[in-house]
Amino acid sequence: MLLTLHPVSRWRRLGRALLLAGALALLAGCSTVGYYAQAIGGQLALMQAARPIDDWLRDPATPAPLKARLALAQRLRSYAVTELDLPDNASYRRYADIHRAAAVWNVAAAPVDSLTLKRWCFVVLGCVGYRGYFDEAAAQALGRQLRTQDALDVTVYGVPMYSTLGWLNWLGGDPLLSTVIHYPDAALARIVFHELAHQKFYLAGDTAFNESYATAVAALGAARWLARHGDAAARRADALAQQRQHDFRQLTHATRAELSAIYDKNKAPARTQQARLTMKSEAMQRFRTRYQALKARWAAAGTPFDGYDRWVAQANNAAFALQAAYDGWVPAFEALFAQGGDDWPRFYAAVRELGALPKDERDARLRALAPAAAPPS
């Protein structure tokens with residue numbers, strides 16, 4: 001019923017709701033008025049730009065290639081509900097062309113001799129290892145401040161789509177965005193499934209648990225969708241992309257382990273920070289040399305690829321730690337899914353049981369599920 005309100009009334013109500021959320025966050029001491037003002041304004045603009053996908057499909061002005069992608073997105077959305085037991089709600093049933101490269105820009109930071117992410121705390125989300133901005137310049141400004149004033153390793157990166165955890169479904173839900181609509185079929189499936197997984201379950205204060213869980217849901221769900229509905233060309237293209245990603249992750253996991261050993265002060269208490277930083281520099285040079293060898297191997301196989309170049313050029317502790325949050329526990333969640341007989345409701349119930357445990361016990365259970373996993377620091 002709320003969605004049938006006059007548009008002006010609807011957006012006034014949304015504004016009041018978001019302003020209330022910002023006020024509550026401020027009372028909790030999470031951040032500044034300016035930060036929440038940009039968050040409220042950015043979210044309002046995003047939702048105002050969105051229209052129901054059916055409207056885009058009926059509109060004769062919508063280009064045919066976009067209509068085809070939107071129709072695919074509708075099929076993926078239905079598959080998420082019927083086959084993956086993901087939420088059947090308003091999210092990702094509207095589309096917005098936002099005319100920029102990312103929905104938001106996140107800032108992540110870590111000490112120069114640690115893989116532990118700096119955390120920012122928010123109402124509802126709890127404490128997370130990143131801070132988001134709708135304006136890239138503002139994100140870059142915070143990055144510079146953290147580098148110069150706090151002497152941290154920093155990464156600033158664009159986020160193509162995100163979830164508000166279902167809190168705004170009563171106002172139309174999170175929209176599908178122009179930033180992802182032209183992704184390859186399986187990649188589009190993964191991002192839709194990933195964001196819906198956050199609406200199925202979210203554990204406040206544990207970034208690594210949340211992101212690895214959602215990444216596992218996305219990977220498992222997209223593989224099943226592609227096997228059943230993808231054409232041969234899409235399957236071949238995705239198999240190649242997944243193999244490259246596997247190769248690259250093996251390299252980054254190995255480097256993360258090397259850096260972690262360098263930074264472990266308990267194992268080498270006499271090592272000075274300068275010694276650790278020298279060893280870090282040498283490890284990073286080895287990482288980049290090995291990456292060039294990996295690229296050469298891809299090229300020799302007739303599948304050259306340079307899509308990781310920018311990440312490698314800017315790689316630092318923050319980038320490695322953030323990557324660990326997104327994929328460190330993925331093998332554990334995949335093992336949990338298999339343990340439950342590949343049954344989605346049983347899997348989500350097991351995830352909720354893990355989420356109810358104290359963090360130390362939760363991490364121990366995840367480690368037991370996949371001893372060879374590369375968990376975050």
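Coordinates for the structure precede this section.
Residues numbered from 1 in each chain as written. Predicted model: local features only at pLDDT ≥ 70, side-chain atom pairs only at ≥ 80, totals over all residues. Heavy atoms only, no water.

Asker: Before we go on, may I ask you to explain the overall build of the chain in this structure?
Answerer: Broken down by element type, the chain carries 14 helices and 8 strands. Within the chain, the proportion of its 377 residues that are buried is 49%. Across the chain, contacts joining residues at least 24 apart in sequence account for 74% of those joining residues at least 6 apart. For the chain, the accessible area works out to roughly 17800 Å², and carbon and sulfur atoms hold 57% of it. (Helix = DSSP H or I, 4+ residues; strand = E, 2+ residues; numbered from the N terminus. Buried < 20%, exposed > 50% of the residue type's maximum accessible area, 1.4 Å probe, protein only. Contact = heavy atoms within 4.5 Å. Areas by Shrake-Rupley, 256 points an atom, 1.4 Å probe, with all protein chains shown as cover.)

Asker: For this particular structure, what's the right way to read the sheet that holds strand 6 (residues 131-133)?
Answerer: Within a sheet, each strand pairs with its neighbour through backbone hydrogen bonds, oriented either parallel or antiparallel. The antiparallel open sheet is built from 3 strands, whose spatial order is 6-3-7. Each of the sheet's edge strands pairs with one partner strand only, and the pair in question is strand 6 and strand 7 (152-159). Across the sheet, the mean angle separating the axes of adjacent strands is 25° when strand polarity is ignored. Direction of pairing for strand 3 (residues 104-111) relative to strand 6: antiparallel, over a ladder of 3 bridges. Pairing of valine 107 across the sheet is with arginine 131, part of strand 6. Sitting on the sheet, helix 5 (residues 136-148) is in contact with strand 3, strand 6 and strand 7, with an inclination near 170° to strand 7. (Pairing = 2+ DSSP bridges. Axes fitted to C-alpha atoms, helices over the stretch in contact; angles between N-to-C directions.)

Asker: How should I be thinking about the nonpolar core in this particular structure?
Answerer: The tendency in soluble globular proteins is for nonpolar side chains to be buried as a group. Judged by nonpolar contacts, the single largest core of 104 residues is most densely connected at Leu86, Leu176, Phe193, Tyr213, Phe333 and Phe347. Each residue touching phenylalanine 347, except ones within four places of it in the same chain, is listed here: Tyr213, Val217, Phe333, Leu336 and Phe337. (Core = buried A, V, L, I, M, F, W, Y, C linked by side-chain atoms within 4.5 Å.)

Asker: Please explain the packing of aromatic side chains as it appears in this structure.
Answerer: Aromatic ring pairs are described here by two measures, namely the spacing of the ring centres and the angle between the planes. Tallied over the entire structure, the rule returns 23 aromatic pairs. Each ring, one from tryptophan 298 and one from phenylalanine 305, has its centre 6.1 Å from the other, and the planes form 70°; the classification is edge-to-face. Residue classification places tryptophan 298 among the buried residues on the basis of a relative accessible area of 4%. Chaining the aromatic ring pairs together yields one cluster made of Phe201, Phe209, Tyr213, Phe333, Phe337, Trp344, Phe347 and Tyr348. Taking the ring centre of tryptophan 56 as reference, the NZ or CZ of arginine 51 above it sits at 4.4 Å. When the ring centre of tyrosine 35 is taken as origin, the NZ or CZ atom of arginine 131, which lies over that ring, is 3.8 Å away. (Phe/Tyr/Trp six-rings, centres within 6.5 Å; stacked < 30°, edge-to-face > 60°. Lys NZ or Arg CZ within 6 Å of the ring centre and 35° of its normal.)

Asker: So what exactly am I meant to see when it comes to the side chain of serine 114 here?
Answerer: Along the polypeptide, serine 114 turns up in the loop between strand 3 and strand 4 (120-122). With a relative accessible area of 15%, serine 114 lands in the buried category. Here threonine 116 takes part through its backbone nitrogen, which lies 3.0 Å from a polar atom of the side chain of serine 114. Those residues in contact with serine 114, other than ones at most four positions away along the chain, are Tyr263 and Asn317. (Polar contact = N/O pair within 3.5 Å; in protein donor to acceptor, adjacent residues only side chain to side chain.)

Asker: What is the right way to read the sheet that holds strand 8 (residues 176-177) from this model?
Answerer: Taken in spatial order, the 3 strands line up as 1-2-8 in an open sheet, and their pairing is mixed. Strands with a single pairing partner mark the edges of an open sheet, and in this sheet they are strand 1 (51-52) and strand 8. Strand direction decides the pairing type here: strand 1 and strand 2 (residues 94-96), joined by 2 bridges, are antiparallel. Paired with proline 52 across the two strands is arginine 94, which belongs to strand 2.

Asker: I'm lost on the pattern of salt bridges in this one. Help?
Answerer: Charged atoms that come close allow side chains of opposite charge to pair. Going through the model one piece at a time under the given rule, you end up with 20 salt bridges. The residue aspartate 85 makes a salt bridge to lysine 200 at a minimum N-O spacing of 3.4 Å. With aspartate 85 in the loop between helix 4 (64-82) and strand 2 and lysine 200 in helix 6 (residues 185-200), this residue pair connects regions lying 115 residues apart in the sequence. Among the residues examined, aspartate 85 registers a relative accessible area of 29% and is labelled partly exposed. (Salt bridge = Lys/Arg side-chain N within 4 Å of Asp/Glu carboxyl O.)

Asker: I tried to follow the side chain of serine 178 on my own but got confused; where do I start?
Answerer: With respect to the helices, strands and loops of the structure, serine 178 is situated in the loop between strand 8 and helix 6. The class of serine 178 is buried, set by a relative accessible area of 18%. A polar side-chain atom of serine 178 sits 3.3 Å from a polar atom in the side chain of aspartate 97. With residues near it in sequence (within four places) discarded, serine 178 still touches Tyr95, Ala96, Asp97, Ile98 and His99.

Asker: How do you make sense of the pairing of strand 7 when you look at a structure like this?
Answerer: In terms of burial, strand 7 is largely enclosed, as 7 of its 8 residues are buried. When strand 3 meets strand 7, the two strands line up antiparallel, connected through 8 bridges. Note on strand 7: the bridge partner recorded for alanine 109 is valine 154.

Asker: Would you mind going over the environment of valine 312 with me for this structure?
Answerer: Topologically, valine 312 is positioned in helix 10 (residues 309-314). Note on valine 312: relative accessible area 5%, which makes it buried. Along the sequence, valine 312 and glutamine 292 sit 20 residues apart, while their C-alpha atoms lie 10.0 Å from each other. With residues near it in sequence (within four places) discarded, valine 312 still touches Phe248, Phe287, Arg288 and Tyr291.

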